[in-house]
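Coordinates in review
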Amino acid sequence: MARSNFSVLTILSVTLLLPVLSLSFSPDSPSDRRLLVLLDDLSLKSSLSIFFNSLKSRGFDLDFKLADDPKLALQRYGQYLYDGLILFSPSIERFGGTLDLAAVLDFVDSGHDLLIAADSSASDLIKSVATECGVDFDEDPSALVIDHKSYAVAGTEGDHTLIAADDFIESDVLLGKNKIEAPVLFKGIAHSLNAANTLVLKVLSASPSAYSANPSSKLSSPPSLTGSSISLVSVIQARNNARIMITGSLDMFSNRFFRSSVQKAGSPKKYDKSGNEQFVTELSKWVFHERGHLKAVNLRHNKAGETDEPAMYRIKDDLDFSVEIYEWSGKSWEPYVADDVQVQFYMMSPYVLKTLSNDKKGLYHTSFKVPDVYGVFQFKVEYNRLGYTSLLLSKQIPVRPFRHNEYERFITAAFPYYGASFTMMAGFFIFSFVYLYHK
Amino acid sequence: MARTTSRDAQALFQSLRSAYTATPTSLKIIDLYVVFAVFTAIIQVVYMAIVGSFPFNSFLSGVLSCVGTAVLAVCLRIQVNKENKEFKDLPPERAFADFVLCNLVLHLVIMNFLG
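This one's a predicted model, so the numbers in the text were calculated from it and none came from an experiment.

This part covers the UniProt feature "transmembrane region" (unreviewed entry) in chain B. As annotated by UniProt and renumbered to match this structure, "transmembrane region" (unreviewed entry) occupies residues 32–50, 56–76 and 96–114 of chain B. Annotated as residues 56–76 of chain B, this span is 100% helix and 0% strand, and its ends, taken at the C-alpha atoms, are 30 Å apart.

The side chains of a regular strand alternate, first on one face of the sheet and then on the other. Residue and element names in this part refer to chain A. Two elements, strand E19 (residues 293–303) and strand E21 (residues 318–328), share nine bridges in a ladder whose sense is antiparallel. Paired with Lys-295 across the two strands is Tyr-326, which belongs to E21. In terms of strand pairing, E21 meets strand E26 (residues 363–369) through seven bridges, oriented antiparallel. Counterpart to Leu-319 in the pairing with E26 is Phe-368. Direction of pairing for E21 relative to strand E22 (residues 333–335): antiparallel, over a ladder of three bridges. By the bridge assignment for E22, Trp-328 is matched with Trp-333. Hairpin connection, E21 to E22: the antiparallel pair is bridged by four residues, and Gly-330 has positive phi, about 105 degrees.

Turning next to the interface of chain A and chain B. At the interface, 19 residues of chain A touch 25 residues of chain B. Grouping the amino acids of the side of chain A that touches chain B by side-chain chemistry returns 13 nonpolar, five polar and one charged.

Right, let's talk about helix H5 (residues 124–132) of chain A for a bit. Residues and elements named next belong to chain A. Inspection of H5 places Leu-125, Ile-126, Lys-127, Val-129 and Ala-130 among the buried residues, and these make up the whole buried set. Packing partners of the buried residues in H5 comprise strand E5 (84–88), helix H4 (101–109), strand E6 (113–117), strand E7 (135–137), strand E12 (191–193) and strand E16 (243–247). With its phi angle positive at about 95 degrees, Gly-134 sits one or two positions after the end of H5.

Residues and elements named next belong to chain A. Bridge count between strand E23 (residues 342–347) and strand E24 (residues 349–355): six bridges; the pairing is antiparallel. Its bridge partner lying in E24, Gln-344 is registered against Leu-353. Summarising the sheet, E23 and strand E27 (residues 375–383) pair through three bridges and their orientation is antiparallel. The residue of E27 that forms the bridge with Phe-345 is Phe-379.

As a further point, take the sheet that holds E23 of chain A. Across the sheet, which stays open at both edges, the five strands sit in the order E20-E28-E27-E23-E24 (chain A) with mixed pairing between neighbours. The strands lining the two open edges of the sheet, one partner per strand, are strand E20 (313–314) and E24 of chain A.

Quick look at unusual backbone geometry now. All names here are of chain A. Notably, Met-348 is not glycine yet its phi reads approximately 70 degrees, a positive angle. On the secondary structure map, Met-348 appears in the loop between E23 and E24. Located in the positive-phi region is Phe-410, a residue other than glycine, with phi close to 55 degrees. Residue classification places Phe-410 among the exposed residues on the basis of 8 C-beta atoms within 10 Å.

A separate point is the UniProt feature "domain: OST48 middle" (unreviewed entry) in chain A. When the UniProt feature table is mapped onto this chain numbering, "domain: OST48 middle" (unreviewed entry) sits at residues 301–439 of chain A. Secondary structure content for residues 301–439 of chain A is 16% helix and 43% strand, and the end C-alpha separation is 74 Å.

To continue, consider the environment of Ser-357 of chain A. All names here are of chain A. When you line up the elements, Ser-357 lands in strand E25 (residues 357–358). Judged by local crowding, Ser-357 falls into the exposed class, with 12 C-beta atoms found within 10 Å. In the structure, Ser-357 is positioned 44 residues away from Tyr-313 in sequence and 23 Å away in space, judged by C-alpha atoms.

Next up on the list: the environment of His-191 of chain A. Residue and element names in this part refer to chain A. Residue position: His-191 is located in strand E12. Here His-191 falls in the buried class, since 27 other C-beta atoms lie within 10 Å of it. Sequence separation of His-191 and Glu-139 is 52 residues, and the distance between their C-alpha atoms is 9.2 Å. Aside from chain neighbours lying at most four places away, what touches His-191 is Ala-130, Val-135, Asp-136, Phe-137, Asp-138, Ser-231, Ser-234, Ile-246 and Gly-248.

Conventions and cut-offs
- Residues numbered from 1 in each chain as written.
- Chains lettered and ligands numbered in written order.
- Predicted model: local features only at pLDDT ≥ 70, side-chain atom pairs only at ≥ 80, totals over all residues.
- UniProt positions renumbered as here; feature names shortened; annotations may be inferred.
- Helix = DSSP H or I, 4+ residues; strand = E, 2+ residues; numbered from the N terminus.
- Pairing = 2+ DSSP bridges.
- Contact = placed C-beta atoms within 7 Å.
- Nonpolar A, V, L, I, M, F, W, Y, C, P; charged D, E, K, R; others polar.
- Buried ≥ 20, exposed ≤ 12 C-beta atoms within 10 Å, placed from the backbone.

Structure (structure tokens):
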């Protein structure tokens, strides 16, 4: 009786837990589901509603909080409550609750995603989060990005701080397959990439004529950040595949910019709608792992003509190698098609390096001959492409030399040598006989 | 000049042959045996130069068995030569026994290395 009660309880708790478990970030469905949005004040919720609604319609569960909410926490009992964090609170000097700089960095270090938008009121806290991610905001608190050549005509008169930027990174995986036609409106502060950080990428770059300065005062010294070294929007993919997006303009996400028409200075073409919505939506798909997330499964190898995976190969064996690679499309795993995936047969250096051919259904395949070297080898697939999560697979496999009885025996070409050796033996016998009895 | 040279050579060969006829028969048998071994070795080297060095271990054992045989036979000849004062205390029976033992070891090694 007690026992059946217990099992009923177990089943009940499992069924109750299942939906919670399936919502969390897992390799089976790498998209984030629960996002924490930190705001300076809740009016942003309505002024940025198009962006938030687009996230909701894609299945995200948004949790809006004020950045100084005293009950803020990213984790409870050692479990993260959220899969992604959106920091739309540029002026916050201190987060509420248990959240601080270290907590945000730990959140990223454990593989979660982060979206940071700053503006001219950016606090030291937000700037230091960005610095830890490899991006340095302009230290002058009054500086804005100014561009007297590629400003947006429809925007403000005079100070040219509303920028129409169209210098995008060329990457389908970051910005989607459809080209962004209209320029993106940007009004905010400049940042530059830390040269020592190899993971950070400039997605939207300022034009060569841009600079970062205070628009209301006269320029007395040369600006510290100028030209296309200014980044307007940057992304980072950490080594644990956590993704971070940093921009110096919170207005970029606003309904006003989404809906506004745009005309770049000096260009006769006027677009009815700015590129902001497309740009932000596509980039947020990337940041929250709806695109560009690869997985490799079913790494297989076998001797040519066999199906079982051997525990060991012999030198000069012919072998078949295959692996399946899929890309997450936001809803399901789709076959990943590329012609540059390579496998290494590796022992301290690659002895064999082969490009895998694929069948357009995600199966990558090749066959090669084991080199004439024995030792402990590895099959290695190391695939790092811009915007995609990196694939690092390795599988150890020993390679043995020929067995004693696997060598060729009685080689025709060696018959004279066999003959000579036996002749010498016979000669020794005859010589001994003749030498002893010759008298 | 040329005539003198050829006459000198002839004289040299004749004196060599007459000296060699005085050699005991047992030593002549050993000499024949050495010549046979060296000749077999040369045939194999020529064969290797034509066919290539593929079963190199077989080639080595074939040639070394000939060379080894020749060397052991020369050693035997030195020890049983009566005119050689160095080994005058060594009985020829003992020398022959050494020769047989060494040959057995040699051919054992050759058989192992051949295939």
